[in-house]
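Structural features, examined
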Amino acid sequence: MKLLFFDFGAGEIMLVVLAVLLVFGPSKIPEIARNIGKFINEIKRASEDIKTEINREGDRIDREKRLKDYKASLEKDIEKPVEESTDLSQ
């Protein structure tokens, strides 16, 4: 039976668990597991912060581009009547 965890089989995982048990002892394993859980949560939180910051920056750039396009279209609309009025005076 193969587990989908780094392509380790059940035997290899049991061997690692047994080695951890022998090296650290049964009293330290809960503390180690707790610390590993905290570390994983911290990594998840950091990656979410990075994703949020990237999305926020992308939204800011998009807003600036739309504002620039809108200002350009307003300036273009303002120039058209001026050109039309100068054409009419001739």
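Here the structure is a predicted model, which means the values were calculated and not measured.

Along its length, the protein carries two helices and zero strands. Taking all 90 residues of the protein together, the buried fraction comes to 2%. On the protein, roughly 8,500 Å² of surface is accessible, and the fraction owed to carbon and sulfur atoms is 64%.

This part is about the pattern of salt bridges. Tallied over the full model, the rule gives six salt bridges. Ionic pairing is found between lysine 51 and glutamate 48, a salt bridge with its closest N-O pair at 3.6 Å. Note that lysine 51 and glutamate 48 are positioned in helix 2 (residues 29-88) at a spacing of three residues, about one turn of the helix. Looking at glutamate 48, the relative accessible area reads 43%, which means it is partly exposed.

Together, Leu15, Leu18, Leu21 and Leu22 make up an exposed nonpolar region whose accessible area comes to about 410 Å². Note that leucine 18 resides in helix 1 (residues 10-24). The exposure class of leucine 18 is partly exposed, given its relative accessible area of 44%.

Definitions and limits used
- Think of each chain on its own: its residues are numbered from 1, step by step along the sequence as written.
- At least 70 in pLDDT is required for a residue's local features to be given in this predicted model, at least 80 for side-chain atom pairs to be given and counted, and no such filter applies to totals for whole chains, interfaces and linings, which use all residues.
- To obtain the side-chain values, all non-hydrogen atoms of the structure were included, while hydrogens and water were left out.
- Going along the chain from the N terminus, every DSSP run of H or I of four or more residues is numbered as a helix, and every run of E of two or more is numbered as a strand.
- Per-residue accessibility, obtained with a 1.4 Å probe over protein chains only, is compared with the maximum for each type, and a residue is labelled buried under 20%, exposed over 50%, and partly exposed between these values.
- All accessible areas in this document rest on Shrake-Rupley with a 1.4 Å probe, and a residue is counted as covered only by the protein chains that are shown.
- Counted as salt bridges are all cases of a side-chain nitrogen of Lys or Arg within 4 Å of a carboxyl oxygen of Asp or Glu.
- Patch definition: residues with relative accessible area over 30% and no salt bridge; like charges joined within 9 Å; nonpolar side chains (Val, Leu, Ile, Met, Phe, Trp, Tyr) joined within 5 Å.

These figures come from the coordinates and say nothing about function on their own.
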